[in-house]
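As a plain string of letters, each chain reads:
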Amino acid sequence: MQWTINGQRYVAEVDVRTSLLDLAREHLGLTGSKKGCDHGQCGACTMLVNGRRVNSCLTLAVMHDGDEIMTIEGLGQVGNLHAMQSAFVKHDGYQCGYCTPGQICSAVGMLDEAKKGWASHASASLTDAELNDAEISERMSGNICRCAAYPNIVDAIREVAGLGDREPVLVAAGEVGA
Amino acid sequence: MSDVMMDDPLRPSGLAQGQQQILGRPLDRIDGPAKVAGAAIYAFEHAPDRVAVAAIVGTPVGAGRIIRIDTRAAEAIHGVVAVITDDPRMPAGQANSRAMPAFQTDTIFHYGQPVAIVVAETQAIANEAARLVHVEVEAAPGRFDPRAQPVEAKPGIGFLPPIEIGDVDSAMADAAVTLDATYTTPVHFPAALEPHATTAWWDGDAVTLRISNQVIGAARNTIAQALKVDKDKVRVLAPYVGGGFGGKTGVGAEAILAAIAAQHVGRPVKIALPRRQTAYMVHHRSDTVQRIRIGCDAAGHIAAMAHESVVAQNDQGQFLEPVPFGTLPLYAGKARRFTTGLVRVDLPETGAVRAPGEAVGTFAVECGMDEMAERLGLNPLAFRRLNEPTVDPTSGKPFSTRRMLDCYDEGARRFGWPDVLPDPASVRDGEWLVGIGMAAALRGNFTVKAEARVHVTPDGRAMVECDMTDIGTGTYTVLAQVAGEMLGLPIGRVDVRLGDTDLPPSAGSGGSFGAGSAGSAVALACEDILAELARRMNASPEELRLKDGCVMAGGRQVPLADLLRGEPLTGYGKTGPGKESQRTSQASHGVHFCEVAVNAVTGEVRVRRMLGVFDIGRVLNAKTARSQLIGGMAWGIAYALSEDAVVDTRTGTFVNPDFGEYHVAVSADIPALEAHFIEEIDDSANPVGAKGVGELGISGAGAAVVNAIYNATGVRVRAMPVTLDKLLADLPPI
């Protein structure tokens, strides 16, 4: 079997039960992708496989022979951070850091999906998917952050997407819903 | 060494005179680049060579007796290194208590109680073999339903004894307006995203454990005791911890089991709990039943306040959720009663989860205050103001600092809280019912023993060292800010080493005492260094000013490096609670304001906006403090709306022990949240003057949401969480 991970070719024989996540973490020393639940519920293991975000704990390494895979280590490194990684630092889009590699890979993949016009549950219609806070939150809801840095993560993604800082949504209480 | 217990109010002169202007600033985390690049190393990663992987086998029933364990089928699997069932040091149940029962017992205390370790070449093999270990049991009926058990009124465990001041019953009878209501909260999982995990390896008779743990100094002692080795032979490492939330305060059984397994097989061993196993091998927050009684005169002055609760624990656990703890100093009122009753159950241990006591206690008291305000015809904010105490109404002690009224003012102004609340169910936005709610926040402040060492090196850098952990709280960064401020160094010239028991023993992360306690030890270590620098400058420490690597005194300015004469200078600080901690009543304070929309057709609740204002003493880093507060607020939203661990009372299992069914907040649940500060340095709390932050944000947050739901719909739900099934029947006509 062979995989191209972060631009580097890896060849290995693995137990057929090995998930793509365990291939990276246990066999190739790429521990940046995290294991939070090992059954596709938390998103900490998110990688980009042929450009699309994937829960790498839910897919087997042997299913990806020849695939191009990007993990957090390939996206950017200390001293050479990707724009999304820098934005997470600036906006404090993390606390404990455990979900963070998955959040960042997911955010990068998500922006690409939005750019292609793919709709989400929050979209007004199948053809109207303008990126806003509701869209970002909906599309990022497969990535759990137990520290709940969500507002800061949205801020970081807004910056990278070129949406700028969001306005505080303050309405005088007498006017609520008016 | 600077060794100063908190016997008197204290502000180290080097901190009072700090010139660097970095303490409190919203600086980026210094560990941030490593975290976002995936280079931060957690417990299960970067194991030594030849590491074997383990899986833990648990009991298949929740009560009864173990007859025998058949390991033959498991041992026959290719790649299995060992199956261990008989080491007398193996803990049964959780290892949080040092009085933990050993494996030798055949008693089953709860479902999933660990009984065997399978060690294998890979996780897949270990998991497969673990499934083949046959645990033969004699099942017995278990006490699986907490609500069906008898209540011990005075259980004699936990730190909060029953409190009775005056006569609540007669004060209630005499009161013009009263409330007597019972609220419930379910079991909550801490659910840190990093699974509880350990990598253990032996070198002769010494063992090292890289572990996911909040308080490694105490962990080292517990591990040494459990393994029956000298504590000098145990080294615990936790450079990064993927969240704790109380669940990692004690030592999980997996840590002891990993060390035992590593010794048995003569190789390093690592264990990470599968997500569903964390429900059984990690403690959870007890469910609670809470009766609130409030009695007032016609003007709204509280005369009676009672917060009586019942919580659960198994036969082994020593922890008792201190439900009314936050209510003790919250509001005035002469007659007071605070109790915590106990029911014994055959379920996994209950323990400290983020803000034990306040996180759930505030649901009852702050919803009760909202209900009472309505009965009095008062604005809930005005009712709270009216009953703001001038001294601690339970202990009679003076407050160290308490800026609750300022939090109310600032929060109301920023949120736009009205003098007259809209009537319940009176505001509509299309098919949504819109409402607002508020609640006070309070979390007791603790300072604990902490030590730290600081080196200044001839290259003009500083190194801070202690065995403190950073569980996402910002410890690396705030300790660097304390040292940089005092030593006159930019943040980039301060390094911080944490998470290693070879370093000075510190506070650990728990009870929101970490930053204040450890930061104070760092400040005192810097005082040590400043005293020596002053001597070398022929000046008094009070005359010294340090900035950007230069030391100034008496009109002279000398580069720090020159004063060091080529040799490093080391300071050592030590602090802890003292007479001042006893003399004063200490807490962090705050207030939450929230706006929700409830769908009139489906009952779906959306939090539209939420804003908090907090009094946390000195703000050490405005960015990381805000993050902790909004994280706590998000927990409050999830506690109010979704988090609910359901026990199958027939079997003692959890119905929903994973993220698929136990619903923590996700991004779509959480709107933009605001957190603001009222800053007053608390010199009675600790030398850096900081009070706890990490648990304050959750305190009262959920109650603000529930009160807003009431205002939106006119439906008062007293059983958390407020899921739509509890709202639908009583929603106003569409």
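Residues numbered from 1 in each chain as written. Chains lettered and ligands numbered in written order. Predicted model: local features only at pLDDT ≥ 70, side-chain atom pairs only at ≥ 80, totals over all residues. Heavy atoms only, no water.

- With an unreviewed UniProt entry as reference, chain B is termed Xanthine dehydrogenase family protein molybdopterin-binding subunit, source organism Sphingomonas mollis.

- As recorded in an unreviewed UniProt entry, chain A goes by the name 2Fe-2S iron-sulfur cluster binding domain-containing protein, listed as coming from Sphingomonas mollis.

### Description of the overall build of chain A
Link 1 in the chain: Across its full length, chain A carries six helices and five strands.
Link 2 in the chain: Mapped in sequence order, the helices and strands of chain A form the string β-β-α-β-β-β-α-α-α-α-α.
Link 3 in the chain: A globule of 178 residues ought to have a C-alpha radius of gyration of about 16 Å, and chain A, at 18 Å, matches this closely.
Link 4 in the chain: Projected onto its principal axes, the C-alpha positions of chain A cover 65 × 35 × 25 Å.
Link 5 in the chain: Across the 178 residues that make up chain A, the buried fraction comes to 56%.
Link 6 in the chain: Taking all contacts inside chain A whose residues are at least 6 apart in sequence as the whole, residues at least 24 apart take part in 55%.
Link 7 in the chain: By element, 51% of the accessible surface of chain A is carried by carbon and sulfur atoms, the whole surface being about 7200 Å².
Link 8 in the chain: Averaging the positions of the 14 positive and the 22 negative side-chain charges in chain A gives two centres separated by 3 Å. (Helix = DSSP H or I, 4+ residues; strand = E, 2+ residues; numbered from the N terminus. Rg over C-alpha atoms; globule rule 2.2 N^0.38 Å. Buried < 20%, exposed > 50% of the residue type's maximum accessible area, 1.4 Å probe, protein only. Contact = heavy atoms within 4.5 Å. Areas by Shrake-Rupley, 256 points an atom, 1.4 Å probe, with all protein chains shown as cover. Lys, Arg positive; Asp, Glu negative; His and termini not counted. Charge placed at Lys NZ, Arg CZ, Asp CG, Glu CD.)

### Digging into empty space enclosed by the protein
To find leftover empty space, one rolls a probe the size of a water molecule over the atoms.
Residue and element names in this part refer to chain B.
Link 1 in the chain: By the definition in use, this model includes eight cavities of 30 Å³ or more.
Link 2 in the chain: Estimated volume of the largest cavity: approximately 120 Å³.
Link 3 in the chain: As for the largest cavity, its lining consists of 14 residues, and the residues nearest its centre are Phe189, Ala191, Arg275, Thr278 and Ala279.
Link 4 in the chain: Grouping the constituent residues of the lining of the largest cavity by class yields nine nonpolar, three polar and two charged.
Link 5 in the chain: Three or more residues apiece are contributed to the lining of the largest cavity by two domains, here domain 2 (52–61 + 63–141 + 193–281) and domain 3 (352–445 + 586–728). (1 Å grid on protein atoms, 1.4 Å probe; cavity = no way out; pocket = protein on both sides within 12 Å on 5 of 7 lines; lining within 4 Å. Points joined across faces, edges and corners; volume = space filled by probe spheres on them. Nonpolar A, V, L, I, M, F, W, Y, C, P; charged D, E, K, R; others polar. Domains from an automatic or database assignment.)

### As for unusual backbone geometry
Residue and element names in this part refer to chain B.
Link 1 in the chain: Geometrically, the link from Met720 to Pro721 is a cis peptide bond, its omega value of -5° lying close to zero.
Link 2 in the chain: With a phi angle near 60°, Lys228 is a residue other than glycine that sits in the positive phi range.
Link 3 in the chain: When you line up the elements, Lys228 lands in the loop between α6 (216–227) and β12 (234–237).
Link 4 in the chain: Judged by its relative accessible area of 67%, Lys228 is exposed.

### A closer look at the packing of helix α4 (residues 100–115) of chain A against helix α6 (residues 150–160) of chain A
Residue and element names in this part refer to chain A.
Link 1 in the chain: Interaxial distance between α4 and α6 falls to 11 Å at its minimum, and their mutual angle equals 40°. Judged by the angle between their axes, α4 and α6 are oblique. α6 is crossed by α4, and the crossing has right-handed handedness. Between α4 and α6, the contacting residues are Gln103, Ala107, Met110 and Leu111 on the first element and Ile153, Ile157 and Val160 on the second.
Link 2 in the chain: When its residues are assigned to classes, the contact of α4 with α6 shows six nonpolar, one polar and no charged. (Axes fitted to C-alpha atoms, helices over the stretch in contact; angles between N-to-C directions. Parallel < 35°, antiparallel > 145°, perpendicular 65-115°, else oblique. Left-handed = near helix turned anticlockwise from the far one by under 90°.)

### Some details on the sheet that holds strand β22 (residues 545–547) of chain B
As a general point, the strands of a sheet are linked pairwise by backbone hydrogen bonds and lie either parallel or antiparallel.
Residues and elements named next belong to chain B.
Link 1 in the chain: The strand order across the open sheet formed by three strands is β22-β23-β24, and the pairing between neighbours is antiparallel. In the strand order of this sheet, the two ends are held by β22 and β24 (556–559), each with one partner. Averaged over all neighbouring strand pairs, the angle between strand axes comes to 25°, with direction disregarded.
Link 2 in the chain: Relative to strand β23 (residues 550–553), β22 runs antiparallel, the two sharing three bridges. Looking across to β23, one finds that Lys547 is bridged to Cys550. (Pairing = 2+ DSSP bridges.)

### Section: the pairing of strand β19 (residues 450–457) of chain B
Residue and element names in this part refer to chain B.
Link 1 in the chain: Burial within β19 is extensive, with six of its eight residues counted as buried.
Link 2 in the chain: Note: β19 against strand β25 (residues 569–577), seven bridges, orientation antiparallel. Bridge pairing links Val454 to Gly571 in β25.
Link 3 in the chain: Examined bridge by bridge, β19 and strand β20 (residues 461–465) share five bridges and lie antiparallel to one another. Its bridge partner lying in β20, Val456 is registered against Ala462.
Link 4 in the chain: What sits between β19 and β20 in their antiparallel hairpin is a turn of three residues, with Gly460 showing a positive phi close to 80°.

### What about the domain arrangement of chain B?
Residues and elements named next belong to chain B.
Link 1 in the chain: Taken domain by domain, chain B consists of domain 1 (2–30 + 447–582), domain 2 (52–61 + 63–141 + 193–281) and domain 3 (352–445 + 586–728).
Link 2 in the chain: With 32 residues of domain 1 at the interface, the matching set in domain 3 holds 25 residues.
Link 3 in the chain: Taken over both partners, the interface formed by domain 1 and domain 3 buries close to 2300 Å², and the fraction arising from carbon and sulfur atoms is 50%.
Link 4 in the chain: Its largest share of buried area at the contact with domain 3, domain 1 owes to Arg11, Thr447 and Ser512, together 23% of the area lost on that side.
Link 5 in the chain: Seen at the junction of domain 1 and domain 3, the total is two salt bridges.
Link 6 in the chain: Here domain 1 is connected to domain 3 by 14 residue pairs in polar contact (both at pLDDT 80 or more).
Link 7 in the chain: Of all the secondary structure elements, the ones that give two or more residues to the side of domain 1 that touches domain 3 are α12 (475–487), α13 (514–536) and α15 (579–583). (Buried area = accessible area lost by both parts, 1.4 Å probe. Salt bridge = Lys/Arg side-chain N within 4 Å of Asp/Glu carboxyl O. Polar contact = N/O pair within 3.5 Å; in protein donor to acceptor, adjacent residues only side chain to side chain.)

### Thoughts on the domain arrangement of chain A
All names here are of chain A.
Link 1 in the chain: According to the domain assignment, chain A consists of domain 1 (2–75) and domain 2 (83–160).
Link 2 in the chain: Here the C-alpha centre of domain 2 lies 21 Å away from the C-alpha centre of domain 1.
Link 3 in the chain: Opposite the 17 residues of domain 1 that make contact, domain 2 presents 19 residues.
Link 4 in the chain: Across the interface of domain 1 and domain 2, roughly 1400 Å² is buried in total on both sides, 57% from carbon and sulfur atoms.
Link 5 in the chain: Considering only the surface of domain 1 that becomes buried against domain 2, Arg53, Ile72 and Leu75 emerge as the three largest contributors, covering 40% of it.
Link 6 in the chain: With a closest N to O distance of 2.9 Å, Arg53 and Glu113 form a salt bridge.
Link 7 in the chain: The tally of links from domain 1 across to domain 2 stands at seven residue pairs in polar contact (both at pLDDT 80 or more).
Link 8 in the chain: Elements represented by at least two residues in the side of domain 1 that touches domain 2 include exactly β3 (46–49), β4 (52–55) and α2 (72–75).
Link 9 in the chain: For the side of domain 1 that touches domain 2, the per-class residue count stands at five nonpolar, seven polar and five charged.

### Regarding the pattern of salt bridges
Close approach of charged atoms lets side chains of opposite charge pair.
All names here are of chain B.
Link 1 in the chain: Inspection of the entire model under this criterion finds 66 salt bridges over all chains.
Link 2 in the chain: With a shortest N-O distance of 2.7 Å, Arg291 and Asp180 are connected by a salt bridge. Here Arg291, found in strand β14 (residues 288–296), pairs with Asp180, found in strand β9 (residues 177–185); they are 111 residues apart in sequence, far enough to count as distant.
Link 3 in the chain: We classify Arg291 as partly exposed; its relative accessible area is 33%.
Link 4 in the chain: Across the salt bridge formed by Glu371 and Arg718, the nearest N and O atoms sit 2.6 Å from each other. Separated by 347 residues along the polypeptide, Glu371 in helix α9 (residues 358–376) and Arg718 in the loop between α17 (701–713) and α18 (724–728) bring together distant segments of the chain.
Link 5 in the chain: Linked through salt bridges whose partners overlap, the residues forming this network are Arg235, Arg453, Glu465, Arg497, Asp500 and Asp502.

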